[in-house]
Amino acid sequence: MSKRRRIYEGKAKILYEGPEPGTLVQHFKDDATAFNAKKHEVIDGKGVLNNRISEYLFVRLGEIGIPTHFIKRLNMREQLIKEVEIIPIEVVVRNVAAGSIAKRLGLEEGTPLPRSIVEFYFKEDKLDDPMVSEEHITAFGWAHPPELDEMTAMALRINDYMSGLFTGIGIKLVDFKIEFGRLVENDMVRIVLADEISPDSCRLWDADTDKKLDKDRFRRDMGGLVEAYSEVARRLGILMENEPPSDKSGPRLVSSNED
Ligand code: TMP
């Protein structure tokens, strides 16, 4: 496996050439970064948890008809995915004011928004991923108008589904970021959900206490990141009840194959 060709290395994941043409292996690292990697740390066990949580969410979303790049989980840190052309737009959906919208508009964190709000950011590290409008996206050709409509509709469906899913396990889905890709199949191009959905890319607050169960624990130096991600996994039914959140060998997950 170590001889696999590395296609791309990002801040939290590596993509390797897959076993079949048109497939890739997505490897979840333990690296945590924030503020465009100005802050960086390696957090033992984070990659294993994100691999499993993202698998769970992509499978559930696939079941309700959201097309995704996910094929199957291969082991503790890796999943097999379909190769797609990533659209260079981060789609953020917000239900409650937090993070950058709270700062930009002077809203108190935790204030429910009048309705779910969809925002777009241009994926360009050199520019710190600036917020852009639909006008920018279509004028510069990052996505065509029908693609953008499809991404927006899918993002709102994903928000509805995930809000319900998390509410059911006592978690508030405050906001999240997703990415889409173009998948070429039988000469047709389809937009599919790509990348990952994990506590790295969502804000998840305990419904009773507002305790943060996401990457803000790292961004804001609160500590307890692995314990928080383990709590999310446990409530989703991925980590066994009564299992210690983590130990030196990292969290143990239900029905994992190997590492
Ligand atoms: P923001 O409030 O910092 O704009 O973040 C909104 C959501 O997007 C939050 O759930 C965290 C997620 N996010 C990412 O996944 N990657 C990023 O680079 C940023 C800035 C935010």
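A.B. asks: Help me understand the site of the ligand, please; the structure alone is not making it clear to me.
C.D. replies: The local shell around the ligand holds 14 residues, among which R94, S100, D175, K177 and R203 are the closest. The contact in question runs from an oxygen atom of the ligand to an N or O atom on the side chain of R203, over 2.9 Å. Its free accessible area being 460 Å², the ligand has 76% of it covered by the protein chains. Elements with a minimum of two residues in the shell around the ligand: β9 (89-96), α2 (99-105), β12 (171-185) and β14 (202-206).

A.B. asks: How should helix α4 (residues 145-167) be read in this particular structure?
C.D. replies: For an α-helix, the turn length of 3.6 residues means that residues three or four places apart are oriented alike. Here α4 spans 33 Å end to end across 23 residues, near enough to the 33 Å set by a 1.5 Å rise per residue. Three or more residues of α4 are buried, namely E147, L148, M151, T152, M154, A155, I158, N159, M162, L165 and F166.

A.B. asks: Could you clarify how one ought to interpret the packing of helix α1 (residues 46-63) against α4 in this entry?
C.D. replies: The relative placement of two packed helices comes down to the angle between their axes together with the axis-to-axis distance. Interhelical geometry of α1 versus α4 gives an angle of 120 degrees and a closest axis separation of 11 Å. Viewed along their axes, α1 and α4 adopt a mutual orientation that is oblique. Crossing of α1 against α4: the hand is right-handed. Taken together, the residues of α4 that come into contact with α1 (itself represented by Y56, L57, R60 and L61) are I158, Y161, M162, L165 and F166. Residues belonging to the contact of α1 with α4 are distributed by class as follows: eight nonpolar, no polar and one charged.

A.B. asks: Can you walk me through the pairing of strand β2 (residues 13-17) in this structure?
C.D. replies: Each regular strand shows side chains that alternate between the opposite faces of the sheet. The element β2 is largely enclosed, with a buried count of four among its five residues. As defined by bridge partners, strand β1 (residues 6-9) adjoins β2 across three bridges and the pair is classed as antiparallel. Within the sheet, the bridge partner assigned to R6 lies in β2 and is Y16. Linking two consecutive strands that pair antiparallel, namely β1 and β2, is a turn of three residues.

About the criteria used
- Residues numbered from 1 in each chain as written.
- Predicted model: local features only at pLDDT ≥ 70, side-chain atom pairs only at ≥ 80, totals over all residues.
- Heavy atoms only, no water.
- Near = heavy atom within 4 Å.
- Polar contact = N/O pair within 3.5 Å; in protein donor to acceptor, adjacent residues only side chain to side chain.
- Areas by Shrake-Rupley, 256 points an atom, 1.4 Å probe, with all protein chains shown as cover.
- Helix = DSSP H or I, 4+ residues; strand = E, 2+ residues; numbered from the N terminus.
- Expected span 1.5 Å × (residues − 1).
- Buried < 20%, exposed > 50% of the residue type's maximum accessible area, 1.4 Å probe, protein only.
- Axes fitted to C-alpha atoms, helices over the stretch in contact; angles between N-to-C directions.
- Parallel < 35°, antiparallel > 145°, perpendicular 65-115°, else oblique.
- Left-handed = near helix turned anticlockwise from the far one by under 90°.
- Contact = heavy atoms within 4.5 Å.
- Nonpolar A, V, L, I, M, F, W, Y, C, P; charged D, E, K, R; others polar.
- Pairing = 2+ DSSP bridges.

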